[in-house]
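Structural overview for review
Each chain, letter by letter, is given below.
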Amino acid sequence: MYEGAGLLSTQDASVVILAGSTVGGGSTINWSASFRTPEHIIREWSQSHELELFDSKLYKEAMDIVCERMEVQHDVEDEGLNNAVLRKGCQELGYPVRNIPRNAPANHSCGWCGLGCKDGRKKGASETWLKDMVNSGNGVLIPNCEATKVLRHRKRGRGRDTATGVAFKFSYNSSKEICIVESKVTIVACGALNTPVLLRKSGLKNHTIGQHLHLHPTAMAWGYFPETISSPLKDKKSYEGGIMTAMSTVVANFHTSGYGAIIQTPSLHPGLFSVLMPWTSGIDIKMRMSTFSRTAHIFALARDKGSGKISSKSSQNISYKMDPIDEDNLKKGLEKILRILAAAGAEEIGTHHVKGERISVKRVSSHEFERFVRRESSRKLSGHSTPIASAHQMGSCRMGVDQRSSVVNQMGETWEIEGLFVADASVFPTALGVNPMVTVQAIAYCTAQSVLEVLKRKRTTSR
């Protein structure tokens, strides 16, 4: 279900990467958050990057259609421990907190959609667009395939090649075959990690391919809430309820630079929990695991200025350098998170820093608490001292108005090959700063309209 079986990281292991690798892609294993493209991003992309698409009537229509098809709504009936803690702590401190729009019903609270939605109530691509395609009779899904090359040829009198289809490996009954699908247009949607590799294998030379990869780096802190606590949090579990239902923008900087950090909650399987918690001793990790259900985690997610690149040979060969501004924004987020956990009533709080320091909130003075928060939120995050994770990858084949600095134009078509389109998060001009599912699908919708226009022209000229 995940790239690298969930064990993917950058070359230097500085960032752990979770990326969907199944039918429906990231929308199958994501945590339901369904944000429209923020207004400050639309302004930046349409003005600073001169991409008129994003300020167009078509793009607004695309977001409406995507949200309607995914049944996006804002209500929640049953919050799990993580989100309830985030909401309560923000309310106590006066920090902004709001419901996260989700492509799931208000009463959808299985807590494990990171492993795929067991009842299909989360409306990812496999429950919407792909199902629509199959039901229409106009397409099929072929499992156990690996696209290996985009096929192309040069038409007489044309200055560039035209895409003619795709070659792919097909595994069946322990054997592998090379198959070819011919097409009038070809659309690549392998995700920000795999699309650059396929384009390079297909002979595209654009130097921007695989560059400008953004990861939305995240850093977490935790708080322990004993079952004896007397509050509405008493009967809640960390693995129950909607995965993401609450969010704070207290350090997001949406109204200024747009570069900051949003504060949200994760879905942590016990295995991930054990990996992320700092190791201090065997006894300690056993105690930590025994409190898994009552340990709340909250993370800060940075809209990153820093970027990386993907090797032309492998999607698992990833380099990335976090900008000092991004690290600073994550530290600001961690400082707020520690305060949120304490304000919500945590008995003990800590970060994932390798030193594994923690503090018993109710047993220390306010001065000791302040020293702890300042110290732990100012620690260096780079150099493997703190686990940094990524669940969003984007920008590695970015859209632009100049072929010298981008891979595709506003139609989603590659500058190098006519009839070859890209429709995934790799075309983002910059990092987005919020969960990208709606933006990915809205861009794909607009690209689909461009494809339809191309097909109409081809039909007209062939008569």
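See the structure shown above.
The text that follows walks through the structure, step by step, so that each part is easy to find. (Residues numbered from 1 in each chain as written. Predicted model: local features only at pLDDT ≥ 70, side-chain atom pairs only at ≥ 80, totals over all residues. Heavy atoms only, no water.)

The next point concerns the pairing of strand E6 (residues 175–182). Relative to E6, strand E5 (residues 162–172) is paired through eight bridges, and the arrangement is antiparallel. By the bridge assignment for E6, phenylalanine 168 is matched with cysteine 179. The turn joining E5 and E6, which pair antiparallel and follow one another in sequence, is formed by two residues; a positive phi near 50° is taken by asparagine 173. (Pairing = 2+ DSSP bridges. Helix = DSSP H or I, 4+ residues; strand = E, 2+ residues; numbered from the N terminus.)

Relative to each other, helix H9 (residues 324–343) and helix H10 (residues 366–377) sit at 145°, their axes nearing to 8 Å. The way H9 lies across H10 gives a crossing that is right-handed. Along the contact surface, H9 presents Lys331, Leu334, Glu335, Leu338, Arg339 and Ala342, while H10 presents Phe369, Glu370, Phe372, Val373, Glu376 and Ser377. The residue inventory of the contact of H9 with H10, partitioned by class, reads six nonpolar, one polar and five charged. (Axes fitted to C-alpha atoms, helices over the stretch in contact; angles between N-to-C directions. Left-handed = near helix turned anticlockwise from the far one by under 90°. Contact = heavy atoms within 4.5 Å. Nonpolar A, V, L, I, M, F, W, Y, C, P; charged D, E, K, R; others polar.)

Turning our attention to a nonpolar patch on the surface. Taken together, the side chains of Val23, Val134 and Leu141 make up a nonpolar region of the molecular surface, amounting to roughly 240 Å² of accessible area. Summarising the element assignment, leucine 141 is placed in the loop between helix H5 (129–136) and strand E4 (145–153). (Patch = residues over 30% accessible without salt bridge, like charges linked within 9 Å, V, L, I, M, F, W, Y side chains within 5 Å. Areas by Shrake-Rupley, 256 points an atom, 1.4 Å probe, with all protein chains shown as cover. Salt bridge = Lys/Arg side-chain N within 4 Å of Asp/Glu carboxyl O.)

This brings us to the packing of helix H4 (residues 81–93) against H9. Between H4 and H9, the shortest axis-to-axis distance is 7 Å and the interhelical angle comes to 95°. Taken together, H4 and H9 sit at an angle that is classed as roughly perpendicular. Taken together, the residues of H9 that come into contact with H4 (itself represented by Val85, Leu86, Lys88, Gly89, Cys90, Glu92 and Leu93) are Arg339, Ile340, Leu341 and Ala343. Across the contact of H4 with H9, the residue classes break down as seven nonpolar, one polar and three charged. (Parallel < 35°, antiparallel > 145°, perpendicular 65-115°, else oblique.)

A word on the pattern of salt bridges. For the structure shown, the criterion picks out 26 salt bridges. Glutamate 79 is the partner of arginine 87 in a salt bridge, and the nearest nitrogen-oxygen pair spans 2.8 Å. The class of glutamate 79 is buried, set by a relative accessible area of 11%. Of the charged contacts, one joins glutamate 335 and arginine 339 as a salt bridge, the two residues approaching to 2.4 Å between their closest N and O atoms. (Buried < 20%, exposed > 50% of the residue type's maximum accessible area, 1.4 Å probe, protein only.)

Mapped onto the secondary structure, serine 248 falls in strand E9 (residues 246–251). A polar contact is formed between the side chain of serine 248 and the backbone oxygen of proline 96, at a distance of 2.6 Å. Side-chain polar atoms of serine 248 contact the backbone nitrogen of valine 250, separated by 3.3 Å. Excluding residues within four positions of it along the chain, serine 248 makes contact with Cys90, Tyr95, Pro96, Val97, Ile262 and Ile263. (Polar contact = N/O pair within 3.5 Å; in protein donor to acceptor, adjacent residues only side chain to side chain.)

One open sheet holds the three strands; their spatial order is E4-E5-E6, and the pairing between them is antiparallel. Strand pairing shows two members of the sheet lacking a second neighbour, E4 and E6, which therefore form its edges. On average, each strand axis in the sheet is inclined to that of its neighbour by 25°, with strand direction left out of account. With eight bridges connecting them, E4 and E5 associate as antiparallel partners. Among the inter-strand pairings, leucine 151 is bridged to a residue of E5, identified as glycine 165.

Turning our attention to helix H6 (residues 191–201). Taken together, the buried positions of H6 are Ala192, Leu193, Thr195, Pro196, Val197, Leu198 and Leu199. Directly beyond the C-terminal end of H6, a positive phi value near 95° is found at glycine 203.

Bringing the environment of threonine 295 into the picture now. By the secondary structure assignment, threonine 295 is in strand E11 (residues 295–302). Under the relative-accessibility criterion, threonine 295 is labelled buried at 2%. For the pair threonine 295 and phenylalanine 254, spaced 41 residues apart in the sequence, the C-alpha separation amounts to 30 Å. The residues touching threonine 295, leaving out its near neighbours within four places in the chain, are Leu81, Asn82, Trp222, Gly223, Tyr224, Ser238 and Phe273. A distance of 2.8 Å separates the side chain of threonine 295 from the backbone oxygen of threonine 291, its partner in a polar contact.

That is the geometry; function is a separate question.
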